[in-house]
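# Residue-level structure breakdown
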Amino acid sequence: MKRTLFAPLLTAGFMLTAPQANALYDGWFDTYFAEAAFDTTLRQNQRNHENWYGNSGAGKAAAPAAAQKGVAKYRNDNSITEEIDAKMIDALRRHLQSIGKYSDASEQQLKQLQNSYLISRVKNALLSDGYDANSIATAMAYVTAINYGIARNLDLAAVKAHPMVEQIQAAMDKDSYLQHLSDADKQRIADTYYWIGSLQMAMYMEAASAGNQQALNDLTKEANDVLTSFGLSTAQIREGGNGLEIHR
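Residues numbered from 1 in each chain as written. Predicted model: local features only at pLDDT ≥ 70, side-chain atom pairs only at ≥ 80, totals over all residues. Heavy atoms only, no water.

For the rest of this paragraph, the subject is the side chain of Lys186. Within the fold, Lys186 resides in helix 11 (residues 183-210). Although Lys186 is buried, it makes no salt bridge; Asp183 carries the closest opposite charge, 4.7 Å away. Residue contacts for Lys186: discarding those within four places in its chain leaves Val71, Lys73, Tyr74, Ile136, Leu178 and Leu181. (Helix = DSSP H or I, 4+ residues; strand = E, 2+ residues; numbered from the N terminus. Buried < 20%, exposed > 50% of the residue type's maximum accessible area, 1.4 Å probe, protein only. Lys, Arg positive; Asp, Glu negative; His and termini not counted. Salt bridge = Lys/Arg side-chain N within 4 Å of Asp/Glu carboxyl O. Contact = heavy atoms within 4.5 Å.)

Below, the structure is given as structure tokens:
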């Protein structure tokens, strides 16, 4: 039976505290895009996202002979995860400083977050639940499904995305851009997605638990904006029998 995309992570006890979620939420997403010095980020690769998603709809033609199977996959290197962890924590630190919410307490929280090995836990949970976590396709489905769930006010613990992973993976097999990327660069993209999706999920869960409707409204708007940046909308994602699917 196909299992959910997020249940392993949720049962692992991942959750930011209310102060962490509130402090990190206040515009951190846009600030991250503007300031984080990644060579491969969501906006810088927007043309590729649209290409991957645009080729992942139902009823598309089979991949041409030049396609390379498994292009989305990479050999995991723990040092890359540590690199991305450090860059994300630094981006969050600079954001808190920019909005006047940085303090000794917030620095301690950031250190706790960095020492939690968040992305390693995410990937281990996904691997244990049948997903290939060392794949940009899985990472993109992860962040896309989270944003769809937030936009539709769903219970994220019930969300499945196996069909979406397969759709995105098939599209990536035909993408010459990915065919020329190193394992390290693929992992940098994937780990960035895992970070972004996990923080969004934590903030959504915290806002829902606290009954903070304003935060939920803000998160819903942000989620729709993220889907738009991918060239998608909630209307183009459907909940099939085995999980979320992209339809054009």
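We now examine the nonpolar core. The nonpolar side chains of a soluble globular protein tend to be buried with one another. Counting 60 residues, the largest nonpolar core has Ile136, Met164, Ile168, Met172, Tyr193, Tyr194 and Trp195 as its most contacted members. Only helix 5 (78-98), helix 6 (104-114), helix 7 (118-128), helix 8 (136-151), helix 9 (162-172), helix 11, helix 12 (213-229) and strand 2 (243-246) provide two or more residues apiece to this core. For Tyr194, the residues in contact, after removing those within four places along its chain, are Tyr74, Ile119, Val122, Lys123, Leu126, Ala133, Ser135, Thr138, Ala139 and Tyr142. (Core = buried A, V, L, I, M, F, W, Y, C linked by side-chain atoms within 4.5 Å.)

What follows is about the pattern of salt bridges. Scanning the model with the defined rule gives 10 salt bridges in all. Note that Glu83 and Lys87 form a salt bridge whose closest N and O atoms lie 3.6 Å from each other. Residue Glu83 and its partner Lys87 are both found in helix 5; the two are separated by four residues, about one turn of the helix. Judged by its relative accessible area of 22%, Glu83 falls in the partly exposed class. The exposure class of Lys87 is partly exposed, given its relative accessible area of 35%. One salt bridge connects Arg93 with Asp90, and the closest N-O pair in it is separated by 3.6 Å.

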